[in-house]
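Chain by chain, the residues:
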Amino acid sequence: MRLLVEQMARARIYKPAKTSMQSGRAKTKLWVLDFEPAAARTIDPLMGWTSSPDTNAQVQLRFDTKEAAIAYAAKRGIEYQVVEPKAPKTLLKAYADNFKADRQDQWTH
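Read on for an overview of the structure. (Residues numbered from 1 in each chain as written. Predicted model: local features only at pLDDT ≥ 70, side-chain atom pairs only at ≥ 80, totals over all residues. Heavy atoms only, no water.)

### Overview of the pairing of strand E2 (residues 31–35)
Successive side chains on a regular strand alternate, one facing one side of the sheet and the next facing the other.
Phase 1: Of all the five residues making up E2, five are buried; the element is thus mostly covered by neighbouring parts of the structure.
Phase 2: By the alternation rule, side chains of E2 split into Trp31, Leu33 and Phe35 and Val32 and Asp34, which are all buried.
Phase 3: In this sheet, E2 lies alongside strand E1 (residues 10–14) in antiparallel orientation, the contact comprising four bridges. Pairing of Tyr14 across the sheet is with Val32, part of E2. (Buried < 20%, exposed > 50% of the residue type's maximum accessible area, 1.4 Å probe, protein only. Helix = DSSP H or I, 4+ residues; strand = E, 2+ residues; numbered from the N terminus. Pairing = 2+ DSSP bridges.)

### Examining the pattern of salt bridges
Any two side chains of opposite charge can pair if their charged atoms end up close together.
Phase 1: Considering all chains together, one arrives at three salt bridges under this definition.
Phase 2: The salt bridge involving Glu79 is made with Arg10; its shortest N-O contact spans 3.6 Å. Of this pair, Glu79 sits in strand E6 (residues 79–83) while Arg10 sits in strand E1; the two residues are 69 residues apart in sequence, bridging distant segments of the chain.
Phase 3: Here Glu79 falls in the partly exposed class, since its relative accessible area comes to 38%. (Salt bridge = Lys/Arg side-chain N within 4 Å of Asp/Glu carboxyl O.)

### Here's the deal with the layout of surface pockets
Phase 1: In this structure, the largest pocket occupies an estimated 420 Å³ of space.
Phase 2: Forming the walls of the largest pocket are 13 residues, and the residues nearest its centre are Pro16, Ala17, Lys18, Pro85 and Lys86.
Phase 3: Of the residues in the lining of the largest pocket, the class split is six nonpolar, one polar and six charged. (1 Å grid on protein atoms, 1.4 Å probe; cavity = no way out; pocket = protein on both sides within 12 Å on 5 of 7 lines; lining within 4 Å. Points joined across faces, edges and corners; volume = space filled by probe spheres on them. Nonpolar A, V, L, I, M, F, W, Y, C, P; charged D, E, K, R; others polar.)

Pasting the structure below:
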């Protein structure tokens, strides 16, 4: 008789940061639940591709609120870690500030 040992799934719940290619805040409003890899990736000797027997590593779930993501993980018995987002820096600067008479920075041109 074969005994299957089910590993406890672990997940991370976070709000994604804005990418460096964005100027706006698109795709940063939803909370994401990512599963941690349960097995290490292996390299295929013939093709050089990386693979893993863990299919949960491919799953990324999005939720409207942090509480919804936590409720989903708790209902399914998923061990989770919540990573709170850092507060964004607010830099209010107008284009006209580059040409102020009392400018503090040096000119770059």
